[in-house]
There are 2 protein chains.
Amino acid sequence: MTKVRQIKLGAMLEGVGTDHGRWQHPDLPGDASINIDWYIENAKLAEAAKFDFVFIVDSPYITKDSAPHFLNRLEPLTLLSAVAVTTKTIGLAGTLTTSYWEPYNVARQFGSLDLISRGRAGWNVVTTGLEGAARNYSRDEHFEHGVRYARAEEFVSVVKGLWDSYEDDAFLRDKVSGQFLDAGKQHALNHNGTFFSVAGPLALSRSKQGQPVIFQAGDSSEGRDLGAKIADATFTISESLESSKGYYRDLKSRAAALGRDPDQIVVLPGIDPIVADTDEAAQEILKARQGAFDLDKALVQVGRAFNYHDFKKYPIDGPFPDTSNLTLNSYKGHAERIIKVAKDENLTLRQVAERFGVWKATFVGSPETVADSLELWFRERAADGFILRVSEPDTFRIFREKVVPILQARGLFRNEYEHDTLRGHLGLSIPENRYADQTHISDVAAQ
Amino acid sequence: MTKVRQIKLGAMLEGVGTDHGRWQHPDLPGDASINIDWYIENAKLAEAAKFDFVFIVDSPYITKDSAPHFLNRLEPLTLLSAVAVTTKTIGLAGTLTTSYWEPYNVARQFGSLDLISRGRAGWNVVTTGLEGAARNYSRDEHFEHGVRYARAEEFVSVVKGLWDSYEDDAFLRDKVSGQFLDAGKQHALNHNGTFFSVAGPLALSRSKQGQPVIFQAGDSSEGRDLGAKIADATFTISESLESSKGYYRDLKSRAAALGRDPDQIVVLPGIDPIVADTDEAAQEILKARQGAFDLDKALVQVGRAFNYHDFKKYPIDGPFPDTSNLTLNSYKGHAERIIKVAKDENLTLRQVAERFGVWKATFVGSPETVADSLELWFRERAADGFILRVSEPDTFRIFREKVVPILQARGLFRNEYEHDTLRGHLGLSIPENRYADQTHISDVAAQ
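Residues numbered from 1 in each chain as written. Chains lettered and ligands numbered in written order. Predicted model: local features only at pLDDT ≥ 70, side-chain atom pairs only at ≥ 80, totals over all residues. Heavy atoms only, no water.

Examining the interface of chain B and chain A
With 74 residues of chain B in contact, the opposing surface of chain A contributes 74 residues. Each partner contributes to the roughly 5,900 Å² buried at the junction of chain B and chain A, and carbon and sulfur atoms together form 55% of this total. Where Asp58 of chain A meets Arg108 of chain B, a salt bridge forms, and the shortest distance between an N and an O atom there is 2.7 Å. Linking chain B to chain A there are 44 residue pairs in polar contact (both at pLDDT 80 or more). Breaking the side of chain B that touches chain A down by element, the ones donating at least two residues are helix H1 (36-48), helix H2 (68-71), helix H3 (76-84), helix H4 (103-116), strand E5 (171-174), strand E6 (179-181) and strand E8 (197-198) of chain B. Here the side of chain B that touches chain A gets eight residues from one element, more than from any other, and that element is H4 of chain B. Looking at the side of chain B that touches chain A, its residues break down into 40 nonpolar, 21 polar and 13 charged. (Contact = heavy atoms within 4.5 Å. Buried area = accessible area lost by both parts, 1.4 Å probe. Salt bridge = Lys/Arg side-chain N within 4 Å of Asp/Glu carboxyl O. Polar contact = N/O pair within 3.5 Å; in protein donor to acceptor, adjacent residues only side chain to side chain. Helix = DSSP H or I, 4+ residues; strand = E, 2+ residues; numbered from the N terminus. Nonpolar A, V, L, I, M, F, W, Y, C, P; charged D, E, K, R; others polar.)

Re the pattern of salt bridges
Residue and element names in this part refer to chain B. Tallied over the full model, the rule gives 70 salt bridges over all chains. Among the ionic pairs, Arg5 bridges to Asp384, the shortest N-O distance being 3.0 Å. A residue pair is termed long-range when its members are at least 10 positions apart, and Arg5 in the segment before strand E1 (8-13) and Asp384 in the loop between helix H12 (367-379) and strand E14 (385-390) qualify at 379 residues. Overall, Arg5 belongs to the partly exposed group, its relative accessible area being 27%. Residue classification places Asp384 among the buried residues on the basis of a relative accessible area of 8%. With a closest N to O distance of 2.7 Å, Arg414 and Asp52 form a salt bridge. Of this pair, Arg414 sits in the loop between helix H13 (393-409) and helix H14 (422-426) while Asp52 is found in the loop between H1 and strand E2 (53-56), placing the two residues 362 residues apart along the sequence. Looking at Arg414, the relative accessible area reads 8%, which means it is buried. The exposure class of Asp52 is buried, given its relative accessible area of 0%. (Buried < 20%, exposed > 50% of the residue type's maximum accessible area, 1.4 Å probe, protein only.)

Some points on the packing of H4 of chain B against helix H5 (residues 145-163) of chain B
All names here are of chain B. Closest axis-to-axis distance for the H4/H5 pair is 9 Å, and the angle between their directions is 50 degrees. Considered as vectors, H4 and H5 are oriented oblique to each other. Note that H4 runs across H5; the crossing there is right-handed. For the pair H4 and H5, the contacting residues are Pro103, Tyr104, Val106, Ala107, Phe110 and Gly111 in the first and Phe155, Val158, Val159, Leu162 and Trp163 in the second. Within the contact of H4 with H5, the residues separate by chemical class into 10 nonpolar, one polar and no charged. (Axes fitted to C-alpha atoms, helices over the stretch in contact; angles between N-to-C directions. Parallel < 35°, antiparallel > 145°, perpendicular 65-115°, else oblique. Left-handed = near helix turned anticlockwise from the far one by under 90°.)

Some words on the sheet that holds E2 of chain B
Residue and element names in this part refer to chain B. Taken in spatial order, the eight strands of this closed barrel run E1-E2-E3-E4-E9-E10-E11-E14, and their pairing is parallel. On average, each strand axis in the sheet is tilted by 30 degrees relative to the strand beside it, whichever way the strands run. Sheet topology note: the E2/strand E3 (residues 91-97) ladder contains four bridges and is parallel. When the sheet's bridge partners are listed, Ile56 is paired in E3 with Gly94. Contacting strand E4 (121-126) and strand E9 (213-216), helix H6 (residues 221-230) runs over the sheet at an angle of about 170 degrees to E9. On the sheet, H13 packs against E1, strand E11 (266-271) and E14 and is oriented at approximately 145 degrees with respect to E14. (Pairing = 2+ DSSP bridges.)

Focus on the side chain of Asp384 of chain B
Only 2.5 Å separates the side chain of Asp384 of chain B from the side chain of Tyr248 of chain B, close enough to count as a polar contact. With near-sequence residues (within four places) excluded, Asp384 of chain B lies in contact with Arg5, Gln6, Ile7, Lys8, Tyr248, Lys252, Ile265, Val266, Val267, Leu268 and Phe378 of chain B.

Things to note about the packing of H3 of chain B against H4 of chain B
Residues and elements named next belong to chain B. Where H3 meets H4, the closest approach of the two axes is 9 Å, and the angle between their N-to-C directions is 10 degrees. Judged on the interaxial angle alone, H4 and H3 are roughly parallel. Side by side, H3 and H4 meet where Leu77, Leu80, Ser81 and Ala84 of the first sit next to Gln109, Phe110, Leu113 and Ile116 of the second. Broken down by class, the residue content of the contact of H3 with H4 amounts to six nonpolar, two polar and no charged.

Describing the environment of Arg379 of chain B
Here Arg379 of chain B shows up in helix H12. Residues Arg379 of chain B and Phe196 of chain B, 183 residues apart in the sequence, show an inter-C-alpha distance of 42 Å.

Regarding the sheet that holds strand E1 (residues 8-13) of chain A
Residue and element names in this part refer to chain A. Read around the closed barrel, eight strands run E1-E2-E3-E4-E9-E10-E11-E14, paired in parallel fashion. With direction set aside, neighbouring strand axes in the sheet form an average angle of 30 degrees. This element, helix H4 (residues 103-116), spans strand E3 (91-97) and strand E4 (121-126) of the sheet and lies at about 150 degrees to E4.

Quick word on the relation of the copies chain B and chain A
Of the transformation placing chain B onto chain A, the axial shift is 0.0 Å and the rotation is 180 degrees, giving an RMSD of 0.0 Å. Expressed as an axis order, the relation between the two copies is that of a two-fold axis. Closest approach to the rotation axis among the C-alpha atoms of chain B is made by Ala82 of chain B, whose C-alpha sits 2.2 Å away. By residue overlap, the copies meet face to face through one surface: 100% of the interface positions of chain B are interface positions in chain A. (Least-squares fit on C-alpha atoms with pLDDT ≥ 70 in both.)

Brief notes about H4 of chain A
Residues and elements named next belong to chain A. For H4, with 14 residues, the first-to-last C-alpha span of 20 Å sits near the 20 Å given by 1.5 Å per residue. With 14 of 14 residues buried, H4 lies mostly within the body of the structure. Directly after H4, the chain includes Arg118, whose backbone phi takes a positive value near 55 degrees. (Expected span 1.5 Å × (residues − 1).)

Some details on the packing of aromatic side chains
Within this structure, the stated rule accounts for 47 aromatic pairs over all chains. An angle of 65 degrees between the planes, with centres 5.0 Å apart, marks the rings of Phe180 of chain A and Trp23 of chain B as edge-to-face. In this pair, Phe180 of chain A sits in strand E6 (residues 179-181) while Trp23 of chain B sits in the loop between E1 and H1, so the two residues belong to two different chains. Each member of the pair Phe180 of chain A and Trp23 of chain B is classed as buried. (Phe/Tyr/Trp six-rings, centres within 6.5 Å; stacked < 30°, edge-to-face > 60°.)

So, the UniProt feature "binding site: FMN" (unreviewed entry) in chain A
Residues and elements named next belong to chain A. As recorded in UniProt, the feature "binding site: FMN" (unreviewed entry) lies at Asp58, Thr95, His145, Tyr149 and Ser220. Examined against the element boundaries, Asp58 turns out to sit in the loop between strand E2 (53-56) and helix H2 (68-71). With respect to the helices, strands and loops of the structure, Ser220 is situated in the loop between strand E9 (213-216) and helix H6 (221-230). (UniProt positions renumbered as here; feature names shortened; annotations may be inferred.)

A look at the pairing of strand E11 (residues 266-271) of chain A
The side chains of a regular strand alternate, first on one face of the sheet and then on the other. Residues and elements named next belong to chain A. Taking burial as the measure, the six residues of E11 include six buried ones, the bulk of the element. Note: strand E10 (residues 233-236) against E11, four bridges, orientation parallel. Bridging from a neighbouring strand, Thr234 pairs with Val267 of E11. This β-α-β element, E10 to helix H7 (residues 241-257) to E11, shows right-handed connectivity. Two strands pair when backbone bridges link them, and E11 and strand E14 (residues 385-390) are joined in this way by two bridges, in the parallel orientation. Residue pairing in the sheet places Ile271 in a bridge with Leu388 of E14. (Right-handed = clockwise from strand over helix to strand, strands pointing away.)

Right, here's the structure in full:
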């Protein structure tokens with residue numbers, strides 16, 4: 001029986017939100033980003049709506065000008081462990097940077113979350129775009145972009161190696177014979193690489209999904225290469241149907257070229273829709289939000305991709321400034337796209353701010369209209385699913401109560417969970433323990 | 001009103017235990033150390049018995065010969081976050097090493113746990129005794145003992161600085177005016193020290209207890225100095241009433257010499273009692289455990305203090321070997337004590353193994369007898385309270401059901417919680433935010 005392809009859905013829980021005004025919604029607690037009850041409540045709502053997972057993004061650097069949610073938010077691992085024991089089935093994915101952690105600690109914490117949640121953990125691998133992060137970690141300078149990605153690749157390979165420290169049948173726990181561990185099934189990694197030397201073993205057995213799911217976000221060429229190599233799922237931007245189709249094709253061919261099954265990488269654009277009862281009502285909301293356009297904040301937002309470069313100092317109606325003297329070591333893929341579009345379309349700085357510095361709504365309309373768009377993107381293979389930004393409560397409620405049932409009625413989304421692990425939800429196979437074959441062979445030989 | 005001094009109690013949750021046989025108890029799940037339900041259940045039992053906190057120890061290094069609990073156990077931060085949302089009042093303390101982490105990440109995770117638990121977090125600061133840990137963190141050699149302690153002191157000072165990043169009234173969250181943050185109450189740390197340079201600020205506000213409680217364990221002179229400087233509570237060994245009284249006096253005088261209030265450091269020996277219905281029954285259990293004495297395992301246990309030095313190679317009935325060529329860079333305080341006692345009492349290697357290589361029972365007897373001992377240690381100021389090892393279920397049950405009520409009847413232990421933070425339980429004051437005074441002064445000046 002061939003499994004029908006269905007849309008995957010993640011809920012990106014963003015507390016008070018990353019727009020400067022979203023936190024002012026009357027029904028949103030002002031402390032949502034540090035209030036575990038808010039996260040648990042929304043994770044339960046997402047689970048009741050049969051979402052595949054909740055998703056927590058993160059960054060280890062803030063300034064006084066950071067968006068409300070960034071200023072003061074719970075840390076992903078602790079947050080998700082709390083959500084793990086207050087939910088039953090939904091996946092739990094969190095962001096953590098490979099630039100400022102030790103692989104042994106990361107393997108330990110995500111492995112522990114995977115056991116606590118009984119196979120529902122996911123790690124969103126990032127390399128950190130903001131150069132200021134370096135100064136929180138005793139470094140004068142952020143790692144250069146290429147180094148970050150090379151380091152990330154080795155980092156993930158070490159973590160995955162540590163996760164295999166015990167074969168699945170290593171622990172006998174035979175109270176009669178007194179044998180707790182079959183010591184031959186504990187394996188040291190003994191990794192010696194460019195960036196890391198890690199002996200192992202890790203003091204953790206594997207969960208029922210084998211290993212946490214690896215998410216990856218990063219749109220530069222290096223980012224796509226890393227995704228093609230290591231990712232089980234990618235979190236991407238959703239600028240347009242065509243650009244997303246291009247990304248989808250590109251990423252899956254890179255994976256296929258590496259000998260991977262392209263169906264084993266799930267492509268998930270982030271979406272931030274406006275859904276209202278009617279198309280007209282949704283367009284009204286869009287107009288109101290666009291009316292609140294703030295040029296200064298838009299320029300800061302554009303500058304963020306260039307490591308908070310100050311674009312306010314240039315003539316606003318002049319051409320987009322020459323950025324060739326800036327090192328693109330921050331959100332490089334995004335910065336490169338801004339440069340390319342500005343050049344191709346001959347945009348002024350103001351036009352760039354309007355295009356890239358403001359909140360984008362790719363999906364605006366009635367529940368039916370938004371469901372149509374999601375279906376189109378899914379069928380056209382611009383996406384295998386979507387990660388919905390969840391902050392102010394109205395959008396999430398209408399999405400769950402109106403959009404999801406339409407997708408279900410069309411057979412595009414599950415009515416009930418069929419699995420209880422994140423890999424199960426996403427249709428990902430369980431990675432075999434790298435040492436399992438050896439043991440099998442030695443078992444046979446010993447007979 | 002002067003507060004009556006009462007005993008503090010912690011429950012060290014050790015899953016399948018660190019003795020090689022304890023996991024075989026019929027009522028203990030064989031997977032207890034990786035089973036979050038076991039931890040939650042026991043945390044709830046400790047909370048019902050009005051314990052001050054649960055306590056999770058940890059180490060980032062194992063071998064095939066590690067004790068059952070060490071081989072495969074949940075990581076403290078993820079574990080405690082799960083316990084935080086399934087309990088209401090009990091404190092939550094976890095161990096994390098300053099030798100192989102970044103202060104920014106530690107501040108973030110313990111600060112997050114403190115918000116998730118609403119002021120119940122504690123961090124047990126250790127420097128890691130086992131040299132093999134270095135090879136899990138891309139280092140050839142473990143940090144030298146003195147460096148470890150100097151690094152720990154600076155590490156904790158950075159973390160505490162980051163925890164003060166926001167004054168307690170920094171977030172206005174005024175939905176009408178649109179002011180979310182009073183930016184003047186966000187403070188960068190800009191630390192530049194010997195081991196770390198950390199700019200900050202941290203993206204977390206403080207909990208209702210101000211900052212997580214700092215626990216510290218370490219019995220060497222450097223360890224005691226560190227405790228006197230940074231600790232709110234110390235986790236100590238309980239070899240004898242006299243040695244514990246000596247430690248208690250010494251630690252509190254070191255703290256007083258630094259200008260600290262000695263009552264603001266809570267001294268908590270770890271205990272692993274045998275409690276049975278009668279003294280005779282308890283002595284029977286003790287004899288049975290001692291009868292199971294295993295010389296090889298005892299020598300491994302002695303060797304652990306000397307970085308797993310192999311003591312099996314020496315004549316067992318000869319004098320305790322000369323260890324002057326061994327660098328005491330592992331559990332230095334413990335190793336030094338072994339050397340001193342062996343010399344003072346002219347012990348053979350076998351006698352050292354019997355004394356230091358086996359499970360010790362300082363408190364053995366009926367509930368009344370054990371309560372008498374606890375009271376004696378408390379009144380004689382060998383302890384302000386105790387941390388009880390919890391693994392096989394019988395001891396914990398008898399302790400809760402029989403020993404605790406005796407202490408309560410004597411007015412030595414609370415009948416009900418009077419606080420809902422860990423600092424509250426332990427009688428520790430809330431640390432004032434280091435920037436609060438400045439603001440206050442500038443507020444006054446601005447009037």
